[in-house]
Amino acid sequence: MAKAYVALDYGHGENTFNDHDSKGVRRAGKNYEEHHFNADVGEKVRKILEEHNVKVLVTQPPYKRDVGLDHRTNLANRKNVDLLVSIHANAGDPSASGACVFAWKGYSGSNKLADAVVREFKAKGIALHGSGRHYSQEGSWTNFHMLRETAMTAILIEHGFMTNARDFENIFGKNSKEYRQKCAEADAKAILSYLGVEYKGDKPAEVKRLRGAKRYEGKRLNVIYNGKKGVDFYSKATWDDAFKVGAATEGFAEVLGLLEVDGKKMYKVRGVSGEVHCITAHEKFVELADKKDEGDYNMANTGFRDVEKESNLQKQITEAKDLGITEGYPDGTFRPDNHVTRAEAVTFALNAYKQALKDK
Ligand SMILES: [Zn+2]
């Protein structure tokens, strides 16, 4: 199959606001130009499409003088692109708000693409203007050149109103970084779904197994960060929040390897019940302990190498040792899961009886 070919049209040239005093807003003495928003969203869409092996033609390039509308549609028609998307932000009454998509009435391909954009806007929680869908037609203000003169599927997207206080914060204000990314992903996903190209989502993390990783294997990992929330761990080697499994406050039984994930180090670890996770290897948050050291640690705290502090019967077992009822095995273990022989039971009872007599 030939590579899909998409035309992106970044609304207006960067001189439009200065030369014609339109396509932008002034707020508190500052200028906010529509072209800057269109170009930013457009370039993000282009990047996603190209990552999906889609060829892109830009009919109004970013941060360049305004290209005439005839020139833009002639170019797209001549290049025989599969579809064209014109990217804008709206202006109007301060009460008007929300994003919407225009497609020429009766053009089924264009309306199918417009429906896909609205679907993606809804999925991302982008507020809509009315139903989010408007038809373009002659004899009305919706008679847009970019939709009338294009020979292929074409839509025009207004990503909210620059003139509305809430939308302004999304387009230019404090939410703009997140909002522009959302808009670009929604536009790109809709285009890809129209083209029948599977959306790959966020780029997978780059994972490298580090040299010398063997040195870390088989050790216990302790979480040493004492913050209330613990240290996040993940179901796979990624820093992506979508794969966050929980916050570790203690540690993991065994380190399986040391990885470099997107340039930062992570340990692959196994928990006590066998589940495998990934967690930061930053020494500010975690430290390795030899399995041997763990035994020493237990010995110091509970009196037995194989009885962990805070384990179910730790208090009773430690007390029994302190009282001289049991010494455990010569290797310092208690072997809490072993059965007791009749001889051992008699010894325990006798020891307890002797201690009781001593106390009198
Ligand atoms: Zn515009």
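Note that the coordinates shown come from a computational prediction; the quantities given were computed from them, not determined experimentally.

### Considerations on the overall build of the chain
When you go through the chain residue by residue, the secondary structure sums to 10 helices and 17 strands. Against the compact-globule benchmark of 21 Å for 360 residues, the chain has a radius of gyration of 33 Å, which places it well outside the compact range.

### A look at the domain arrangement of the chain
Entries for the chain in the domain assignment read domain 1 (5–195), domain 2 (207–289) and domain 3 (311–359). Put simply, the middle of domain 2 and the middle of domain 3, counted by C-alpha atoms, are 37 Å apart.

### A few points about the packing of helix 4 (residues 108–123) against helix 7 (residues 176–195)
Across the interface, helix 4 lies against helix 7 with an axial gap of 8 Å and an inter-helix angle of 135°. Classed by the angle they form, the pair helix 4 and helix 7 counts as oblique. In the packing of helix 4 onto helix 7, the handedness of the crossing is right-handed. Contact residues: helix 4 offers Lys 112, Leu 113, Ala 116, Val 117, Glu 120 and Phe 121, while helix 7 offers Ala 186, Asp 187, Lys 189, Ala 190, Ser 193 and Tyr 194. Split into classes, the residues belonging to the contact of helix 4 with helix 7 amount to seven nonpolar, one polar and four charged.

### Focus on helix 7
Between its first and last C-alpha atoms helix 7 spans 28 Å; for 20 residues at 1.5 Å apiece the expected length is 28 Å, and the two agree. A positive backbone phi angle near 75° is found at Gly 196, which sits one or two residues after helix 7.

### Thoughts on the sheet that holds strand 12 (residues 244–248)
The strand order 9-14-15-16-11-12 describes an open sheet built from six strands, whose pairing is antiparallel. The outermost strands of the open sheet, each flanked by one partner alone, are strand 9 (207–209) and strand 12. Ignoring which end each strand starts from, the neighbouring axes of this sheet average 35° apart. Where strand 14 (residues 254–261) lies against strand 15 (residues 264–270), seven bridges are found, and the strand directions are antiparallel. Bridging across to strand 15, Leu 259 finds its partner in Met 266.

### Here we look at the environment of Cys 278
With respect to the helices, strands and loops of the structure, Cys 278 is situated in strand 16 (residues 276–280). C-beta crowding within 10 Å serves as the criterion here: with 25 such atoms nearby, Cys 278 is assigned to the buried category. Each C-alpha atom of the pair Cys 278 and Ala 96 lies 47 Å from the other, and the pair is 182 residues apart in sequence. Those residues within four positions of Cys 278 in sequence are excluded, and the remaining contacts are Phe 233, Tyr 234, Lys 236, Ala 237, Met 266, Tyr 267 and Lys 268.

### Some details on the nonpolar core
Within the largest apolar cluster, 52 residues are counted, with the highest numbers of intra-cluster contacts made by Leu 83, Val 101, Leu 113, Val 117, Ile 155 and Ile 191. Among the elements that line this core, the one with the most residues is helix 7, at nine residues. Contacts of Leu 113, omitting those with residues within four sequence positions, involve Leu 83, Ala 103, Thr 153, Ile 155, Ala 190 and Tyr 194. Core analysis: the second largest hydrophobic core is formed by 18 residues, Phe 233, Ala 237, Cys 278 and Val 286 among them.

### What about the pairing of strand 1 (residues 5–9)?
With respect to burial, strand 1 is a largely interior element, four of its five residues being buried. As paired elements, strand 1 and strand 4 (residues 55–60) share five bridges and run parallel to each other. Within strand 4, the residue paired with Val 6 across the bridge is Val 56. Taken together, the four bridges between strand 1 and strand 5 (residues 83–90) define a ladder with parallel strand orientation. The partner of Asp 9 across the bridge, within strand 5, is Ser 86.

### A look at the sheet that holds strand 1
Across the sheet, six strands lie side by side as 4-1-5-8-6-7; this open sheet has mixed pairing. In this open sheet, the two strands that pair with only one neighbour each are strand 4 and strand 7 (128–136). Neighbour-to-neighbour, the strand axes of this sheet turn through a mean angle of 20°, independent of strand direction. As paired elements, strand 6 (residues 99–104) and strand 8 (residues 153–161) share four bridges and run antiparallel to each other. Residue pairing for strand 8: Phe 102 is matched across the bridge by Leu 156. Each of strand 1, strand 4, strand 5 and strand 8 is contacted by helix 2 (residues 34–51), which is oriented at about 145° to strand 5, the strand it contacts most.

Criteria and cut-off values
Residues numbered from 1 in each chain as written. Predicted model: local features only at pLDDT ≥ 70, side-chain atom pairs only at ≥ 80, totals over all residues. Helix = DSSP H or I, 4+ residues; strand = E, 2+ residues; numbered from the N terminus. Rg over C-alpha atoms; globule rule 2.2 N^0.38 Å. Domains from an automatic or database assignment. Axes fitted to C-alpha atoms, helices over the stretch in contact; angles between N-to-C directions. Parallel < 35°, antiparallel > 145°, perpendicular 65-115°, else oblique. Left-handed = near helix turned anticlockwise from the far one by under 90°. Contact = placed C-beta atoms within 7 Å. Nonpolar A, V, L, I, M, F, W, Y, C, P; charged D, E, K, R; others polar. Expected span 1.5 Å × (residues − 1). Pairing = 2+ DSSP bridges. Buried ≥ 20, exposed ≤ 12 C-beta atoms within 10 Å, placed from the backbone. Core = buried A, V, L, I, M, F, W, Y, C linked by C-beta atoms within 7 Å.

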